[in-house]
Amino acid sequence: MFLLDFSKPINILELPQEKEWQKNIISFLKDWYNNSETMVTQTSGSTGIPKDIVLTKSAMTESASLTGKYLNLSSGDTALLCMPSLYIAGKMMLVRSIVWNLKLYCIEPSSYPLKNTDKKFTFSAMTPMQVEKSLEKIENIDKLIVGGAQIPSSLLSKLKFLNTDVYESFGMTETISHIALKKVSGNSPCTSFQLLPNTKIRVDRRGCLCIQPSFLSEEIITNDLVSIISDREFEWQGRIDNIINSGGIKIFPEKVEKQLKSIINREFIISSREDAVLGKKVILIVEGDIIPELKEMVSQFTFDSKYEKPKEIIYVNQFERTKTGKIIRNKIF
């Protein structure tokens, strides 16, 4: 672990760079403080081939400012960087620390970020897997953003009992990390995402979310199906490119997954296979060893629609994931 105290001048040449993760942080800082007005970062690759995105430093600065205001960050607060600085989540932790003059403690990214420290932090960002592996110490963090993948219901149920303010984030590289947060900890967790200030949203004719943050010149059109509750909040329903057409009925995998998370305490996804009658049949793919009782549990489970019930259960040793932890759905078979 090493400290970047942005409340005072930083000498990049004095920072450790023996390991690759340290070199990546140094490289980002050099790029940030050079004369260029833009930076290049890469998408995660969860919905396609990873690609380079050019972002302006002014937009990254405004995004960081909005997050800090939403979370009431102050100069001198302590933060923890435990995500790779090659991707937008890690880069924006650095930018937020620069903008808000935070004391940023940097550790090597791993699944167990709090394993070797008992230090307390004002703010951090993690993936769901990192949170799951850090529950015993997670209350050492006052405010925590969780992103990179959906939070499993099994983890959500544990977060309700924490004193830490935990927020699920919604966003992507193109929107410079998150544009909305949803508090999921405490006795009264939110069911919808709350937009950061100065962000406008609408849905297109497909029902997909279109985003216009104040710091971007162009509207971002997504493949995320949402239900807009007000001009400040929305509920996420799933990805339009994941829809399964089974016998003429549209099935939303993420919606079915949300239901089944109440009975499956394991990583899984809803997918489909070719079927002579239905065209596509709904299947349940579970990671890890066979669960003997699962077939009976699923057959007796009450779905919102009978068409959502999986026709087959398949087990895989391990899902292929992006470097940020997202399951790559199109690489199952």
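Structure first, text after, so check above.
Report on the accompanying structure. (Residues numbered from 1 in each chain as written. Predicted model: local features only at pLDDT ≥ 70, side-chain atom pairs only at ≥ 80, totals over all residues. Heavy atoms only, no water.)

### Thoughts on the environment of Phe-301
Tracing the backbone through its elements, the reader meets Phe-301 in the loop between helix H7 (294-300) and strand E19 (312-316). Between the C-alpha atom of Phe-301 and that of Asn-330, which follows or precedes it by 29 residues, the distance is 27 Å. Look past the residues within four positions of Phe-301 in its chain and what remains in contact with it is Gln-259, Leu-260, Ser-262, Ile-263 and Lys-309. (Helix = DSSP H or I, 4+ residues; strand = E, 2+ residues; numbered from the N terminus. Contact = heavy atoms within 4.5 Å.)

### Considering the side chain of Ser-192
By secondary structure assignment, the location of Ser-192 is in the loop between strand E9 (177-183) and strand E10 (193-195). Of the residues examined, Ser-192 reaches a relative accessible area of 5% and is grouped as buried. Polar side-chain contacts of Ser-192 include one of 3.2 Å to the side chain of Gln-194. Here the side chain of Ser-192 touches Glu-233 through a polar contact of 2.8 Å, side chain to side chain. Leave out the neighbours within four places in its chain, and Ser-192 touches Leu-181, Lys-182, Ile-229, Glu-233, Phe-234 and Glu-235. (Buried < 20%, exposed > 50% of the residue type's maximum accessible area, 1.4 Å probe, protein only. Polar contact = N/O pair within 3.5 Å; in protein donor to acceptor, adjacent residues only side chain to side chain.)

### Regarding the sheet that holds E19
The strand order across the open sheet built from three strands is E17-E18-E19, with neighbouring strands paired in mixed fashion. Strands with a single pairing partner mark the edges of an open sheet, and in this sheet they are strand E17 (268-275) and E19. Across the sheet, the axes of successive neighbouring strands diverge by a mean angle of 40 degrees, strand direction being ignored. Across five bridges, the pairing between strand E18 (residues 279-287) and E19 is parallel. Residue pairing for E19: Ile-285 is matched across the bridge by Ile-314. Contacting E17 and E18, helix H6 (residues 253-260) runs over the sheet at an angle of about 130 degrees to E17. (Pairing = 2+ DSSP bridges. Axes fitted to C-alpha atoms, helices over the stretch in contact; angles between N-to-C directions.)

### Side note on the sheet that holds E9
Pairing in this open sheet of 12 strands is mixed, and the strands run E1-E5-E4-E6-E7-E8-E9-E10-E14-E13-E12-E11 from one edge to the other. Strands with a single pairing partner mark the edges of an open sheet, and in this sheet they are strand E1 (2-5) and strand E11 (199-203). This sheet shows a mean twist of 40 degrees between the axes of neighbouring strands, independent of strand direction. Looking at chain direction, strand E4 (residues 78-81) and strand E5 (residues 103-106) are connected through four bridges and run parallel. Within the sheet, the bridge partner assigned to Leu-81 lies in E5 and is Cys-106. Taken strand by strand, helix H1 (residues 20-32) contacts E1, E4 and E5, and its axis lies near 10 degrees from that of E1.

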